[in-house]
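Remarks on the overall topology
Given next are the chains, with one letter for each unit.
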Amino acid sequence: MLAVFTELKNAQRVRKELSKKDVMHPDFRAVKELDYIYFPITKSVKIPGSKVVNTKFEFPLIPKVVTVEDLLKKSLTKKEMEILPQSQEIVGKIMVLEIPETLKNKEKQIAEAYLKTHIHIDTVVKKSAIHSGIYRTRKVKILAGKKSKETIHHENGINLKLHLELVYFSARTGSERLRVAKQAKKGEEILVMFSGCAPFPLVIAKNSPAKSVLGIELNPSGHFYGAENVRLNKLGDKVFLKQGDVREILPKLKKKFDRICMPLPKTAETFLDVTLPCVKKGGMIHLYVFLGKDQIDSTAKLISKKCKELRYPVRVLRKIKCGQYSPGWYRVCFDLKLKEK
Ligand SMILES: C[S@@+](CC[C@H](N)C(=O)[O-])C[C@H]1O[C@@H](n2cnc3c(N)ncnc32)[C@H](O)[C@@H]1O
C-alpha cells in the first residue's frame, strides 16, 4: 500500500503537509515502527524529509462512525431526511422520538436506525400522545428493540425506576432539580408537592444537607415507583412519601416547612391557598408555570398579588426559565420567599 515514510521527529510536520495536500488516506491509521512512522496516502507526493514507499503490510482500518443518516439515506428521500427528529429525549435505556406524521410509514425503519447507532439504548418509542389528565401521563408506542416501557434513569447521583406510561417523568428537567437541591441548607425540612416517582425528593436528599424531604403524589403508580426509588437509592432515612391529594393531606399535616416545591406547571398556582400556610416565615417556594416569554413579568406580579391577598406576602427572588416547549414558550420557576412580617 502506498505510504509516506519518515522519522518520528518529522511526524507532525509531514502529517500537516499531507493534510494540506489532501492525500492522507481517509480509511486507514498511520503505523509506527521503532523511530519511524508510515502514513497511508492516496497518491504519491513529495515532502522534504520523507520518502514514498509501497508497503507490504496492510494498515489498520479507522472504525467508521455510522450515523442515522448513513443508515437511512437509501430508504428516505432528501426531503424526508430533513424532517428526521433532531432532538431525542432519553429516559434510562429508552429513547423517545417525536416522528412527524408524514414519516409514519417509515417509523419502524427510522427507530431501528436510532437503535443501531445508540449503543446505550435498548428500546425506541414514539410519543403517540402528549402529557395529559390529572396524572400528567402520556402514551408511547414501542417501535424497535426490547418490548418494555419500564427503565432505570440515572441523574444527579440517583437511580429512578419508572414506567413511561404510568408516571410523569421528564429527563429534561434534571438540571432544574439540581438547582433547587443546591439551594437547600443544612437541617431544612422540605416538602415536594406533586412528587411523581420522586425525582425532586431524591435529588434534593442526595445533593443537599437538608434534614428531610416529604413527597406527596396523587397517582398510585407514581407513588409506587417513588417508594421503590427511595429503597433503590437507600434514602429511606431522609425521604418520606405519602399518596393522595395535597389539598386533603396538607391541612391535616399541621406542619411548616423551610422549602416547598410545586412542580405542576399547568395548575400549581391554584394550590397556593393550601401551600402558603405550610411555609415557615422566611421560607422558600419554588412554583412552576408554563408561560409565553411576554407573560413572565406580569405573572410574577399576579403571583405576588395573590399571595398578599391570601395574607402571606412573598418576594419574588428569581424567575428562572427551565425548559422550552415551543418557540417562545417556557417552563418557568418562580423562587418565592415568604416575608418575615
Ligand atoms: C408534572 S408532574 C411532576 C412529577 C414529578 N415532580 C417530576 O418532576 O417528575 C405532576 C404530578 O402531580 C400529580 N398531581 C396532580 N394533582 C395532584 C394533587 N392534587 N395532589 C398530589 N399530586 C397531584 C400528578 O399525578 C403528577 O404526577
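So, here's what we can say about the structure. (Residues numbered from 1 in each chain as written. Predicted model: local features only at pLDDT ≥ 70, side-chain atom pairs only at ≥ 80, totals over all residues. Heavy atoms only, no water.)

1. Some details on unusual backbone geometry
Quick reminder of the rule: Under the DSSP-based scheme used, a helix requires at least four consecutive residues in state H or I and a strand at least two consecutive residues in state E, with every element numbered from the N terminus. In this scheme, a residue with accessible area under 20% of its type's maximum is buried, one over 50% is exposed, and one in between is partly exposed, where area comes from a 1.4 Å probe on protein chains only.
Its identity as a non-glycine residue notwithstanding, D22 has a phi of 60°, on the positive side. The residue D22 is located in the loop between α1 (11-20) and β2 (31-33) in this model. Judged by relative accessible area, which is 65%, D22 ranks as exposed. Notably, F194 is not glycine yet its phi reads approximately 55°, a positive angle. Among the structural elements, F194 can be located in the loop between β11 (189-193) and α6 (199-207).

2. Overview of the sheet that holds strand β1 (residues 2-7)
For the record, the criterion: A pair of strands is labelled paired if DSSP reports no fewer than 2 bridges between them. Angles shown run from 0 to 180 degrees and are taken between the N-to-C directions of axes, each axis being a line fitted to C-alpha atoms and, for helices, limited to the stretch in contact.
The sheet built from four strands is open, its strands ordered β2-β3-β1-β4 with antiparallel pairing. Every other strand in the sheet has two partners, leaving β2 and β4 (50-54) as the edge strands with one partner each. Pairs of neighbouring strands in the sheet enclose a mean axial angle of 30°, with direction left out of account. In terms of strand pairing, β1 meets β4 through five bridges, oriented antiparallel. Its bridge partner being in β4, L2 is matched across the sheet by N54.

None of this, on its own, says anything about what the molecule does.
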